[in-house]
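Commentary on secondary and tertiary structure
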Amino acid sequence: MDGSSTPTKTAEGPLPAYRARVASGALRTDPAQALAAETLQDLWRRLRGYDPNVEEAAKASGGGGFMARFFRRKPVDEAPGHAPQGLYMVGEVGRGKSMLMDLFFDCADVPRKRRIHFHQFMQDCHARIHAWRKANPGETDPIPPLAEAIAGEAALLCFDEFQVHDITDAMILGRLFEALFARGVVVVATSNTAPADLFKGKPGRDAFLPFIHLIQQKVAVLHLQSAQDYRRDRIHGLPTWHVPADGRAERALDSAFLELTGQRHGEPRTLALLGRSISVPQAVGGVARADFDALCGKPLGPADYLALSTHFHTLVLDGVPRLGPDNFDKARRFITLVDTLYEHRCKLVASAAAVPDQLYEQGENAAMFQRTASRLEEMQSQDYLRLPHLT
Ligand SMILES: Nc1ncnc2c1ncn2[C@@H]1O[C@H](COP(=O)(O)OP(=O)(O)O)[C@@H](O)[C@H]1O
Ligand SMILES: [Mg+2]
């Protein structure tokens, strides 16, 4: 969501707003979050009325220097000519990073501000660069006009889920952010990845290092080390067994994955085992998503399912088919998978051709499947969903 059009102001800042939510019972007490809220309050105070003059700043940075001169509507208690340092909140999924940043964004008393998902921001940048190249065929450097446009729209940019996977993004980020900072733009971000680990292990990383150094200079890094994954609790309200495995069920699993991870799609994840490895098509934090064939249509065994069940607290499983004598091998693997998930108290959200009892009525081990079906029923209960994951 791009919240640029909401000029909401919470007069006293994010810390009182956060405390009010805790006092009302909307949020649980969390010391790590309270600490983060204090840091955000400090930034909120330094940013009150912040409005660097874009043209002045651009002129001053024309010579390449950072020493942009700012003309401010209201004085900001910072050394003149310097934008307040931004904030980069890093932590695991479900810790409340986005919640805190949104609270800060709503309170921020900055005339021009914008909150955007980082992935969406990058897509927007590429689209603008494309349009600029078309309109200016003779010119070669799209970054200054791009930075000019972005800085003209917002002096405070709040990015949700800062992440760099793409080389085309990595290549423009350094110069783009240098130009944005030179124009006085203040950046606040949430991320699962510390700046020092961005784009790690990817080809072209060396050329990306100046960007990391720039971020570390312009933005303070705060590790939100909340003990609690608040998102994990969300499974309680969710239906966990969807029949039949049609388009509607797929969309239900999409939204369950989004609810549990805050992201529409995960990244592939490889778990190393003794002597080999198992790949999961999509994962975010402790949540994995795979379709039935990826886990039971290949020769995987108990050790693979064990790795899966200890590594992930929740599995979102697409398309469990009706099983019979023709695919007893898949049935056998599915039995082992469910047993292992159950023993480790993993939570399962699945789409299937039938209710558990009717999934495997004939074939080798069909009698044994009765126990699996009963476990699958139990795994849908609120009591089971409340059990802690055993690793
Ligand atoms: N202290 C808390 N008490 C109760 N719920 C919380 C608390 N902190 C966060 N949440 C909720 O948990 C969910 C996950 O938080 P979110 O900010 O999306 O996490 P992150 O961005 O770190 O993945 C959200 O619905 C959020 O409102
Ligand atoms: Mg988030």
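Rules of the game
Residues numbered from 1 in each chain as written. Chains lettered and ligands numbered in written order. Predicted model: local features only at pLDDT ≥ 70, side-chain atom pairs only at ≥ 80, totals over all residues. Heavy atoms only, no water. Salt bridge = Lys/Arg side-chain N within 4 Å of Asp/Glu carboxyl O. Helix = DSSP H or I, 4+ residues; strand = E, 2+ residues; numbered from the N terminus. Buried < 20%, exposed > 50% of the residue type's maximum accessible area, 1.4 Å probe, protein only. Pairing = 2+ DSSP bridges.

By the naming in an unreviewed UniProt entry, the protein goes by Cell division protein ZapE and is assigned to Roseomonas haemaphysalidis.

Right, let's get into the pattern of salt bridges. A complete count under the given rule lists 22 salt bridges for this structure. Of the charged contacts, one joins arginine 45 and aspartate 42 as a salt bridge, the two residues approaching to 3.0 Å between their closest N and O atoms. Of this pair, arginine 45 and aspartate 42 both sit in helix H2 (residues 31–47), three residues apart, which is roughly one turn of the helix. Arginine 45 sits in the partly exposed class, given a relative accessible area of 41%. A relative accessible area of 32% means that aspartate 42 is categorised as partly exposed.

Moving on to the pairing of strand S9 (residues 287–291). Extensive coverage of S9 is indicated by the burial of four of its five residues. In the sheet, strand S8 (residues 276–284) pairs with S9 via three bridges, with the strands oriented antiparallel. Looking across to S9, one finds that glutamine 282 is bridged to arginine 289. What sits between S8 and S9 in their antiparallel hairpin is a turn of two residues, with glycine 285 showing a positive phi close to 55°. The pairing of S9 with strand S10 (residues 314–320) spans five bridges and is parallel. Counted as the bridge partner of valine 287 is threonine 314 from S10.

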